[in-house]
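As a plain string of letters, each chain reads:
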Amino acid sequence: SFTIWQHAVGTCLLVGTLDTVLDSTSKVAPYRILHHTPDSQVYWSIACGVTKEEIVQHWEWLQQNIMRTLSVFDSSEDITSFVQGKIRGLIAEEGKTSLVLEEDPEKFREALLRFEKWFELPSEEKLVTYYSCSYWKGKVPCQGWLYLSTNFLCFYSYLLGSEVKLVISWDEIWRLEKTSNVILTESIHVLAHGEDHYFSMLLHLNETFVIMEQLADYSIKRLFDKEAFQREPALSDPLQITKRYLKGLEAHAKSDQFRAFFRLPKEENLLEVHESFLWVPFNHYNTLGKICLSENYLCFASQDGSQCHIIIPMREVTSDKISIGAALLGGAGLPAAGKHHSQQVWDFCQPTSLINHFEDNPEDVTLMVGQKDSSKAVSTEALMTVFHPQDVENLDPKMLKEKMKEQSWNIHFSEYGRGTSMFFTRKTRDLIVRGVPEALRGELWMLFSGAVNDMATHPGYYSELVEQSLGTSTLATDEIERDLHRSLPEHPAFQSDTGISALRRVLTAYAYRNPKIGYCQAMNILTSVLLLYAKEEEAFWLLVAVCERMLPDYFNRRIIGALVDQAVFEDLIRENLPQLVENMTDLSFFSSVSLSWFLTLFISVLPIESAVNVVDCFFYDGIKAILQLGLAVLDYNMEALVCCHDDAEAVTILNKFFDSVTNKDSPLPPTVQQASVGNNEKTSHVKVDISELIREAYEKYGSIRSEDVESSRKRNKLYVIQTLEDTTKQNVVSEFRLIDLDELYNLFKRQHFLSCYWTMKSPALLHHDPSLAYLEQYQLGFQQFSMLFSLLEPWAFCTTKSTLSLWVFRLIDENQDGLINFKEFCCALDTLFSGSFTNKLKFLFKLHLPPGESFVGKVDLQAYLKQWQNEILKKEETIKDLPRINQTQFIQFSKTLYNIFHGDPEEESLYRAVAHVTSLLLRMEEVGRRLQEPSSPPATTAAADTAATSAEESPTEEASTTPGSSNTSGSQDSQDAGSDPPETEWSFSFEQVLASLLNEPAIVNFFERPVDIHLKLGQAKVAQLKVKAAK
């Protein structure tokens, strides 16, 4: 009664028919088995087959392994939930083996040859996999092949004489998502460079999308967040990434999800998952779920909607006792003895080995896991205890209610356990929503965040950090000192040295532990609240849990994590508040106004006695609690917001609302409670109790799933990164006169990634600084710069092997770190394309001056500050500030001019002009020397004429010396001359060179001739990858 057979005899889409005719691999399996819950309109596909024999085999397996078990369930919903979980488990198991087996080697080799032929990418580019699909160009589908490589998404189609070729690098993608509409039932949408691309008719669409998502995420981590990616060394070599190897990425992602759900330390990895039933003693029934095993933890999470989960640290297990017996439902059983319960029983649906922690159990097995009796609850001595001790004799009504809350929690502890192995259930959440007692807040924060495990496994770590960081002086410590007295200044705890000193130690210790984050604004406010309810060491580990696990990428210069969650918040507004969306077309306002909500968990906008209730929910439910409360705040103020005329009015409304939020149950005295900003004004807002607001948020928006939030985070991360980059680049490009700067930026960015795609040891990656804006992270080493500059320079003087290419590189590398950033690159091109005749000539002149300093590594903080001070005081350079150019350098300068003019239609007249200027300058120098030294013989006249002749006779000869090697030949001649007097070195100033060249109209016209920048950029875009492939 729960299953339906289907046999598809045709397809209703003409487009699908055409595509399947053109490519047989796109055909959909004709047989399938559906699961249907009575009184439901939903059908679940649980099996499919190409032939009738294949589907019959599936049916027989279902009868033997699934249907016999269904009789134990009481309701059809439980049956559906069990069947769904079982089928998903089978799919996951099948995925483990299907990805391990490579494709047919012969077919893959043929696909690789086509991939190399069609796209002409460098030979190092690794093809991961390929699929047959349709690419929608406008409203017309093109049947072809989708190729997924380490760094590129490629598509090729050739049909009826029409060729379609598409190459998109993963780092250029703004959005990657699965979509469906009337025409395309299921497709993959890719947004890159403002263009939408749709791929459909994929036989394995989900598998294709997962691989695309993995490759895009791999690219982002490797190219943007190298430090985070280094924690996975097995995946650090891009040449090793294959379809089989992507299993490592998938396992890594599953471990991330496992740690995030159970709030485990970052060292834990998901080793094995077992489907099982858990005997819940307080309800006396079995709940279906999964046991998840890591190196040091045994965890269980239900799948039947009861929202029950439990975490058992192996450090608290006293014995592993194996006994053979009959487990419930005929499966393998694992009862675990806890502090408050005699047993916690797991029953496996399929008896399997439980990795290396336990013995193999081929039959029914019962495993007794005893917990240490010495397991203690976390102590809660904190600043609030010192500055606001409770008076047990004089209990006012608020304190009586506080005691009632404590009693409710004590009853909960007696029933569900207390400490690290407590059962987490819906009742736990209900108690959290009502508010946590002041005395238990620190203990529960440590438990819910997982910080209790961090502290237990790192004894003495915080004390060592405090000692090591004591007396250190860094940029982070300076910022900490500046913000110490701005942290909850109204609270008595932070008006004394006790609170300030504790805050200083925690923040400094964390900055010392994690220099990648160091210290960021908002950390001081959050840490202040943590110190009120937790001991100093506990507050430190809570801060670690928030910054490194619960709010990743929040506390750094780019605050990517907060921006991503704001994008998730916008999506939720569109889904849940349609009235607000209809009246406010631009939702970006809510992103700007809600940034402080996310960064400080509402602490900066709510009174402290109300904000701590929000923090309670955050530590239990994570970012989901903040998103829910944000929606509830907007919903509460819906009528006022839709009537707003501008953003300022909306901000005023929200600020007045936050001022009106109170905590009527707070036992804190008025001296401790934070005064509202608007207390001095009479507001029309009715007081809103924080507990009611939180309860309403859970009732209306509690259906938001953490899994959906994580999925939305993935979907929005690419878009946020690209948007942030697109915004920040305007700060650089706005000061240049070049047109098509966006295209130039894209070329420079791609050239940067070309140096990173096929190696992990490129200079750009070795000097990667993730704390900088993305724009500033793009840098080119000499080889990459030389290739790109040769494609863009306006004349033909700088080939990729030219010594002049090195001179240009040295000249524009202002900070002398051996890398060119986009701003430095733009400065050079801006001068060469749009500069005046004088500026272009000055650029060429400076090329031939000796370099000031050799390449050095990254400067330290003091050197950077000194350099910054010098830049502020530096005045604009004038032509009089340029040093004189000596004999050898002038000859090289003349040769450079000849190289520039080579191949020009006016080449002959330009050569004559250069020869005339050279001869004139040399004779002027000789005349000047005679006037200064009238008794000297005219010994250098012949040498000057020879220099002019040599420059003229070898105009295209490649420069073979560097600007700094000017005195070598002179010193050698002096030594060879013996007793002869040394020959006087002659030189020219830039003013002399400029004045002489201005008298030659042919040269002036050449340098003032406009260059088609748009054409240059278009040619460079086509040739960029080909140059790399040719290399």
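Note that the structure is predicted; figures quoted are calculated from it, not measured.

1. Digging into the sheet that holds strand β8 (residues 173-179)
Working step 1: A sheet is described by the order of its strands in space; here seven strands give the open sequence β7-β6-β5-β4-β10-β9-β8, paired in antiparallel fashion. Two strands close off the open sheet at either side, each with one partner strand: β7 (162-169) and β8. The average undirected angle you get between the axes of adjacent strands in this sheet is 30°.
Working step 2: Pairing geometry for β8 and strand β9 (residues 187-192), over six bridges, is antiparallel. Across the sheet, the residue bridging to L176 is V190, located in β9.
Working step 3: Sitting on the sheet, helix α4 (residues 105-119) is in contact with β4 (127-137), β5 (140-149), β6 (152-159) and β7, with an inclination near 60° to β4.

2. A word on the packing of aromatic side chains
Working step 1: Counted by the stated rule, this structure contains 53 aromatic pairs.
Working step 2: When the ring of F424 is compared with that of F448, the centres are 5.8 Å apart and the planes differ by 65°; the resulting orientation is edge-to-face. Of this pair, F424 sits in the loop between α9 (397-416) and α10 (426-434) while F448 sits in helix α11 (residues 441-449), and the two are 24 residues apart along the sequence. By the burial criterion, F424 is buried, and F448 matches it.
Working step 3: Taken together, the aromatic side chains of F108, F115, W118, F119, Y130, W145, Y147 and Y156 make up a single cluster linked through ring pairs.
Working step 4: Looking at R114, its charged tip hangs above the ring of W145, at a distance of 5.7 Å from the centre.
Working step 5: In this arrangement the basic side chain of R441 is found over the ring face of Y533, its NZ or CZ atom lying 5.1 Å from the centre.

3. A look at helix α22 (residues 608-621)
Side chains that are three or four residues apart share a direction in an α-helix, a result of its 3.6 residues per turn.
Working step 1: Under the 1.5 Å per step criterion, the end-to-end length of α22 is 20 Å for 14 residues, consistent within 8% with the ideal 20 Å.
Working step 2: Counting buried residues in α22 gives 14 out of 14 residues, a clear majority hidden from the surface.
Working step 3: G622, located one to two residues past α22, shows a positive phi value of around 75°.

4. Here's the deal with the nonpolar core
Working step 1: Of all hydrophobic cores here, the largest spans 120 residues; its most connected members are F448, M523, F555, L580, F619 and L634.
Working step 2: In terms of residue count, helix α17 (residues 536-550) provides more of this core than any other element does, ten residues in total.
Working step 3: A domain-level breakdown of this core finds at least three residues from each of domain 4 (383-548) and domain 5 (560-673 + 685-707).

5. A short note on the layout of surface pockets
Working step 1: The space that makes up the second largest pocket amounts to roughly 970 Å³.
Working step 2: Taken together, 31 residues line the second largest pocket, and the ones lying closest to its centre are V167, E172, H193, R750 and K1021.
Working step 3: Put simply, the parts of the chain that give the lining of the second largest pocket at least two residues each are α4, β7, β10 (195-200), α27 (706-728), α29 (741-754) and α43 (1013-1030).
Working step 4: Counting residues per element, the lining of the second largest pocket draws most heavily on α29, at seven residues.
Working step 5: Residue composition of the lining of the second largest pocket, grouped by class: twelve nonpolar, six polar and 13 charged.

6. Details of helix α37 (residues 887-901)
Working step 1: In this model α37 runs 22 Å from its N-terminal to its C-terminal C-alpha over 15 residues, within 8% of the 21 Å that 1.5 Å per residue would give.
Working step 2: With 15 of 15 residues buried, α37 is to be regarded as a mostly interior element.
Working step 3: The backbone nitrogen of T888 has a side-chain oxygen 3.3 Å away, supplied by the residue at the start of α37, namely N886.
Working step 4: The first or second residue beyond α37 is G903, which carries a positive phi of 90°.

7. Side note on the packing of helix α14 (residues 475-483) against helix α15 (residues 497-513)
Working step 1: For the pair α14 and α15, the least separation of the axes is 10 Å and the interaxial angle reads 160°. Judged on the interaxial angle alone, α15 and α14 are roughly antiparallel. The chirality of how α14 crosses α15 is right-handed. Across from A476, T477, I480 and E481 in α14, the residues of α15 making contact are R504, L507, T508 and A511.
Working step 2: Here the residues of the contact of α14 with α15 sort into four nonpolar, two polar and two charged.

8. Notes on the side chain of Q628
Working step 1: Its place among the elements puts Q628 in helix α23 (residues 623-636).
Working step 2: Accessibility expressed as a relative area gives 0% for Q628, which makes it buried.
Working step 3: A distance of 2.7 Å separates polar atoms of two side chains, one belonging to Q628 and the other to K624.
Working step 4: If near-sequence neighbours (up to four positions away) are discounted, Q628 is found in contact with A697, Y698, Y701, G702 and I704.

9. With respect to the packing of helix α35 (residues 837-847) against helix α41 (residues 990-998)
Working step 1: Running from amino to carboxyl end, α35 crosses α41 at an angle of 130°, the nearest separation of the two axes being 11 Å. By the angle between their directions, the pair α35 and α41 is classed as oblique. Where α35 crosses over α41, the two elements pack in a sense that is right-handed. In this structure, α35 contributes F837, T838, L841, K842 and F845 to the contact, and α41 contributes F990, V993, L994, L997 and L998.
Working step 2: Of the residues assigned to the contact of α35 with α41, the class counts are eight nonpolar, one polar and one charged.

10. Some details on the pattern of salt bridges
Working step 1: Summed over the entire model, instances satisfying the criterion amount to 29 salt bridges.
Working step 2: Across the pair R504 and E481 runs a salt bridge whose closest N-O atoms are separated by 2.6 Å. Placement of R504 in helix α15 and of E481 in helix α14 is noted, with a sequence separation of 23 residues between them.
Working step 3: Take R504: its relative accessible area is 27%, and that puts it in the partly exposed class.
Working step 4: Of the charged contacts in the structure, one is a salt bridge between R695 and E692, with a shortest N-O distance of 2.5 Å. Pair noted here: R695 and E692 are both in helix α26 (residues 690-701), with a separation of three residues, about one helical turn.

11. Topic: the pairing of β6
Working step 1: Of all eight residues in β6, six are buried, a share of seventy percent or more.
Working step 2: Hairpin connection from β5 to β6: two residues lie between these consecutive antiparallel strands.
Working step 3: Taken together, the eight bridges between β6 and β7 define a ladder with antiparallel strand orientation. Looking at β7, one finds that L153 is bridged to I168.
Working step 4: A loop of two residues connects β6 with β7, the two strands running antiparallel in sequence, and L160 in this loop sits at a positive phi of about 55°.

12. Quick look at a negative patch on the surface
Working step 1: On the surface, a cluster of negative charge is contributed by D39, D74, E77 and D78.
Working step 2: As for its position among the elements, E77 is in helix α3 (residues 76-98).
Working step 3: Given a relative accessible area of 53%, E77 falls into the exposed group.

13. Focus on the side chain of S487
Working step 1: Its location among the elements puts S487 in the loop between α14 and α15.
Working step 2: Judged by relative accessible area, which is 0%, S487 ranks as buried.
Working step 3: A polar contact of 3.0 Å, which involves the side chain of S487, links it to the backbone oxygen of D483.
Working step 4: Apart from the residues lying within four places of it in its own chain, the contact partners of S487 are F494, L503, N524 and S528.

Thresholds applied
- Residues numbered from 1 in each chain as written.
- Predicted model: local features only at pLDDT ≥ 70, side-chain atom pairs only at ≥ 80, totals over all residues.
- Heavy atoms only, no water.
- Pairing = 2+ DSSP bridges.
- Helix = DSSP H or I, 4+ residues; strand = E, 2+ residues; numbered from the N terminus.
- Axes fitted to C-alpha atoms, helices over the stretch in contact; angles between N-to-C directions.
- Contact = heavy atoms within 4.5 Å.
- Phe/Tyr/Trp six-rings, centres within 6.5 Å; stacked < 30°, edge-to-face > 60°.
- Buried < 20%, exposed > 50% of the residue type's maximum accessible area, 1.4 Å probe, protein only.
- Lys NZ or Arg CZ within 6 Å of the ring centre and 35° of its normal.
- Expected span 1.5 Å × (residues − 1).
- Core = buried A, V, L, I, M, F, W, Y, C linked by side-chain atoms within 4.5 Å.
- Domains from an automatic or database assignment.
- 1 Å grid on protein atoms, 1.4 Å probe; cavity = no way out; pocket = protein on both sides within 12 Å on 5 of 7 lines; lining within 4 Å.
- Points joined across faces, edges and corners; volume = space filled by probe spheres on them.
- Nonpolar A, V, L, I, M, F, W, Y, C, P; charged D, E, K, R; others polar.
- Polar contact = N/O pair within 3.5 Å; in protein donor to acceptor, adjacent residues only side chain to side chain.
- Parallel < 35°, antiparallel > 145°, perpendicular 65-115°, else oblique.
- Left-handed = near helix turned anticlockwise from the far one by under 90°.
- Salt bridge = Lys/Arg side-chain N within 4 Å of Asp/Glu carboxyl O.
- Patch = residues over 30% accessible without salt bridge, like charges linked within 9 Å, V, L, I, M, F, W, Y side chains within 5 Å.
- Areas by Shrake-Rupley, 256 points an atom, 1.4 Å probe, with all protein chains shown as cover.
- Lys, Arg positive; Asp, Glu negative; His and termini not counted.
- Charge placed at Lys NZ, Arg CZ, Asp CG, Glu CD.

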